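One-letter residues, chain by chain:
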Number of protein chains: 2
Amino acid sequence: MHKLHPGLTIRLFTEEKCFGPGVARLLRQVEQTHSLRAAAMSMQMAYSKAWTIVKKAERELGFPLLHSTTGGRSGGGATLTAEAVRLLESYEAFCQDVNEHARQAFQTRFAWLEQE
Amino acid sequence: MHKLHPGLTIRLFTEEKCFGPGVARLLRQVEQTHSLRAAAMSMQMAYSKAWTIVKKAERELGFPLLHSTTGGRSGGGATLTAEAVRLLESYEAFCQDVNEHARQAFQTRFAWLEQE
C-alpha cells in the first residue's frame, strides 16, 4: 500500500464555477507585479486568457477585482480592489481551514488502510 | 452579488492522483451492473479508458478493486473486491464530512459578502 493522502480542489460557484486556484494565483501575481500582463506571463498564461478569467469572475461575483491604473485592456497597470483583497483573504483562509479539516477526517476515515 | 457556494473536488493521492469522483462512480456502476464494460457504457466512457483508470488506481493503492468473474480484459463480468467496497464507503463518508465542514466554514469566512 502506498501512502495515501487527500487532495482537494476548492472552488467557489455562483451558477457556474467563478473562482478557484487559478484566478486566486493570478490576483496574487497582480498584487506583486501591478500588472495583469506581467501576472499572466508569470503563470505562462496568455494575457487574453487572464483577462477573460478575471472578467468572468467579476461578472459572476458582481463586483470588480481589478482597478486598471492606465491602459486597461491594452495591458496597462492593475491593482486589486478592496473587494478582491478581502475575497483572496477569505478564500485562502477557507482553503486552509477545509484542507486542515480534510487531513483530520482522512486520518479517521482511512485509518483501516494503515492496518492492512 | 450572485449567491456564492463552495464546490470541492476531492481526490486521494499516493505520489500521483489515484482515486477521485470518476473512479468512484465507475465502481458504483460496476456494483450495479456486474460488468466493467456496462459501467463504462453507462458513463459514456470507452471500455479501454475505464480499464486503464481501474488498473492505475489498483497499482497506486496496492490492492485489487475488481474481481473479474469471467472474461477479464475481454470484458466479462466484474464485481468489487472487499477492499473496493470499504474504500468506496470511506471515500464517500470522507467527501460528505469534508463537504459539510466546507459549507459551515464557507458561511463563516464569507459572511461579509452577504452584507455588501
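Located above this text is the structure these notes cover.
Keep in mind that this is a model prediction, so the values were computed, not measured. (Residues numbered from 1 in each chain as written. Chains lettered and ligands numbered in written order. Predicted model: local features only at pLDDT ≥ 70, side-chain atom pairs only at ≥ 80, totals over all residues. Heavy atoms only, no water.)

Residues and elements named next belong to chain A. Overall, the coordinates contain twelve salt bridges over all chains when judged by the stated rule. Notably, a salt bridge pairs Glu-16 with Lys-56, separated by 3.7 Å at the nearest N-O pair. Here Glu-16, found in the loop between strand S1 (5-13) and strand S2 (17-19), pairs with Lys-56, found in helix H3 (residues 47-61); they are 40 residues apart in sequence, far enough to count as distant. Here Lys-55 makes a salt bridge to Glu-58, at a shortest N to O gap of 3.0 Å. In this pair, Lys-55 and Glu-58 both sit in helix H3, three residues apart, roughly one turn of the helix. Salt bridges sharing common partners tie together Arg-28, Glu-31 and Glu-92. (Salt bridge = Lys/Arg side-chain N within 4 Å of Asp/Glu carboxyl O. Helix = DSSP H or I, 4+ residues; strand = E, 2+ residues; numbered from the N terminus.)

Relative to strand S1 (residues 5-13) of chain B, S1(A) runs antiparallel, the two being bridged by nine bridges. The residue bridging A:Leu8 from the neighbouring strand is B:Ile10, located in S1(B). By the bridge criterion, two bridges tie S1(B) to strand S2 (residues 17-19) of chain B in an arrangement that is antiparallel. Bridge pairing links B:Leu12 to B:Phe19 in S2(B). The hairpin turn running from S1(B) into S2(B), its antiparallel successor, is three residues long. (Pairing = 2+ DSSP bridges.)

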